[in-house]
Amino acid sequence: MLSAFDSAKKQLDQVVLLLEGEYQDREKLHKAIGLLKKPQNFYRKALKIKLDDGKNASFPAFRCQYNNARGPFKGGIRFHPNVSEDEMKALAFWMTVKCAVVGIPYGGSKGGVIVDPSALSSAELKRLANKYAEFITPFVGPWIDVPAPDVNTNGQIMAWMLETYEKKIGTHAPAAFTGKPIALGGSQGREEATGLGGVFVLEEYVKSKKLKVKSLTIAVQGFGNVGYWFAKLAGEAGFRVAAISDSSGGIYDKKGLDIDEIAKIKEKKGSLRINITNEELLGLDVDVLVPAALENAIQKPNAKNIKAKLVLEMANGPTTPEAEEILFKAGIDVIPDVLANAGGVTVSYFEWVQNLHGYYWTKEEVDKKLKPIMTSAFNDIQQAVEDKKAPYRKAAYFLAVKRIIDAMILRGRV
């Protein structure tokens, strides 16, 4: 199986032929593609902290800054045992593409620390967050690179990092980090933004295919922030969520599920009432399959089991290129992650704008501003699907990569 970054580069290669028809100077195009196959900057450091028992511990840390032709680098920070340089590069590339897909003025970046945060106390986690913030302070900031939470990080960790950063630079700079608590300049509506953006995209897809919302069933793999909010809001929009799962397994009822009731069960018992496995969920006879967990959930061996007519990628990189070829041949549409889950980074952009202006919006205003960005991005891609006779991912990459390359050419980088 390809590594995450190799998969990302393969996705880039797949749009080169489409792009060649857009540029008279092919040499410039291919030079730009070459530059887009590697990050502009990659930083690494071993972070040393003192544990509660007095022993010292060291944790490898990274920050990948991929491309900033369209604006400051933007990307999350994850604390996870499986963080790697390869993963950082892939996620930073996908963020670069994602920001271009929805037309917000950012490039892409990603950061991470190889650590199991559940093995640390709150005090140890704070020390690690502060060390990471010290590490990245020289090369982040409101107009340079704007970090945010990702896997196993949250608003509290961003608050600790912001405090460390501001102490280092000697001034307030709330726009240096997004995903902050509301009390420190976070945006209303950020918590549900990724899920809500996905629902807006699904609604546009349904309109484009002249389908009826109430007749469509959905299975959601993943019950973290994104999976929960997508499932809850999709249900409120009239879709029938028939299955949902967490890491231990899932629950399926073809009549539909009460997502808030399931959330209460999970909070009380620590997991769902399980009657299907995650693998079984992928093969359910539903209209829409929503992978909302981690990368590579849909691979070559299980792709042939998928019966849904649409895969809506709410996780980052949940479908391998080999699996996607199988889905394409089976006539299954795949709405790519770089569009489907871009509601999160879009509301992070709103947070940044509010911080820069010192003027804050209501949740209703945030939701109202999010919808046209997501629907416009889908409609641009739908038009490219029809014009180029390309699947959704290729159409999305065609539009995004062209926007990035155009910015690179205008800047004289190629």
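Preceding this section is the structure that the text describes.
From a predicted model like this one, the values you see are computed outputs, not experimental measurements. Every chain is numbered independently, its residues counted from 1 as its sequence is written. Totals for whole chains, interfaces and linings use every residue, but because this is a predicted model, local features are given only for residues with pLDDT of at least 70 and side-chain atom pairs only at 80 or more, for both listing and counting. Excluding hydrogens and water, the side-chain values take into account all heavy atoms of the structure.

What's the story with the overall build of the protein in this structure? I'm lost.
Within the protein, the secondary structure is distributed over 16 helices and eleven strands. As a reference, a globule follows 2.2 Å times the number of residues to the power 0.38, and the radius of gyration itself is taken over C-alpha atoms. For 414 residues, the compact-globule estimate of 2.2 N^0.38 gives 22 Å, and the protein sits close to it at 21 Å. Each principal axis of the C-alpha atoms in the protein carries an extent, and together these give about 60 × 55 × 45 Å. Three exposure classes are used, based on accessible area relative to the maximum for each residue type with a 1.4 Å probe and protein chains only: buried under 20%, partly exposed in between, and exposed over 50%. Going through the 414 residues of the protein one by one, you find that 58% of them count as buried. The long-range share in the protein, meaning contacts at least 24 apart out of those at least 6 apart in sequence, stands at 69%. Counting from the N terminus, the helices are the DSSP runs of H or I reaching at least four residues and the strands are the DSSP runs of E reaching at least two. By definition in these notes, contact holds between two residues if any of their heavy atoms fall within 4.5 Å.

Would you take a moment to explain the layout of surface pockets for this structure?
Over the atoms, a rolled probe matching the size of one water molecule traces out where space is still vacant. Of the grid points, spaced at 1 Å and generated over the protein atoms alone, those admitting a 1.4 Å probe that cannot get out make up cavities, while open sets with protein on both sides within 12 Å along at least five of seven lines make up pockets; any residue with an atom within 4 Å of a point is treated as lining. Grid points are joined across faces, edges and corners, and a volume is the space filled by probe spheres set on the points. Of the voids in this model, the largest pocket is the one considered here, and its volume is about 1,300 Å³. In terms of lining residues, the largest pocket is bounded by 48 residues, among which P149, D150, V151, N225 and V226 are the most central. Elements represented by at least two residues in the lining of the largest pocket include exactly β3 (73-80), α4 (85-101), β5 (145-149), α7 (190-208), α8 (225-236) and α14 (343-357). Note that Gly is not counted as nonpolar here; it falls among the polar residues with everything else outside the nonpolar set of Ala, Val, Leu, Ile, Met, Phe, Trp, Tyr, Cys and Pro and the charged set of Asp, Glu, Lys and Arg. A breakdown of the residues in the lining of the largest pocket according to their chemical character gives 15 nonpolar, 20 polar and 13 charged. In this structure, the second largest pocket occupies an estimated 360 Å³ of space. For the second largest pocket, the lining is made up of 17 residues, of which Q14, E324, F328, P391 and K394 are closest to its centre. Broken down by secondary-structure element, the contributors of at least two residues to the lining of the second largest pocket are α12 (321-329), β11 (333-335) and α16 (392-411). Of all the elements, α12 adds the most residues to the lining of the second largest pocket, at five residues.

For this particular structure, what's the right way to read the environment of E27?
Here E27 is to be found in helix α3 (residues 26-35). A relative accessible area of 68% places E27 in the exposed class. It is 33 Å that separates the C-alpha atoms of E27 and V146, two residues lying 119 residues apart in sequence.

Sorry, what's going on with the pairing of strand β9 (residues 288-291) here?
In summary, the side chains of a regular strand alternate between the two faces of the sheet. Residue alternation in β9 divides its side chains into two sets, V288 and V290 and L289 and P291, and both sets are buried. At least two DSSP bridges between two strands are required for those strands to pair. Of the pairings in the sheet, the one linking β9 to strand β10 (residues 310-312) comprises two bridges and is parallel in character. Note on β10: the bridge partner recorded for L289 is V311.

Any chance you could explain the nonpolar core here in plain terms?
Among soluble globular proteins, nonpolar side chains are generally buried collectively. Core analysis: the largest hydrophobic core is formed by 102 residues, its most contacted members being F230, I244, L312 and I335. With twelve residues, α16 is the largest single contributor of residues to this core. Those residues within four positions of I335 in sequence are excluded, and the remaining contacts are V201, Y205, L310, V311, L312, E313, A340, F378 and Y392. By nonpolar core is meant a set of buried Ala, Val, Leu, Ile, Met, Phe, Trp, Tyr and Cys residues that side-chain atoms within 4.5 Å join together.

What exactly am I supposed to notice about the pattern of salt bridges here?
Two side chains bearing opposite charge may form a pair once their charged atoms approach each other closely. Any carboxyl oxygen of Asp or Glu that lies within 4 Å of a side-chain nitrogen of Lys or Arg is treated as forming a salt bridge with it. Per the stated rule, a full pass over the model turns up 25 salt bridges. Two residues, E313 and R393, come together in a salt bridge whose shortest N-O distance is 2.7 Å. On the criterion of sequence distance, the pair formed by E313 in the loop between β10 and α12 and R393 in helix α16 is long-range, its members being 80 residues apart. Take E313: its relative accessible area is 0%, and that puts it in the buried class. With relative accessibility at 5%, the residue R393 sits in the buried group. In this structure, the salt-bridge partner of R393 is E324, at a minimum N-O distance of 2.6 Å. Taken together, the residues span a long stretch of sequence, with R393 in helix α16 and E324 in helix α12 at a distance of 69 residues. Here the residues in one salt-bridge network are R78, E87, K110 and D150, joined through shared partners.

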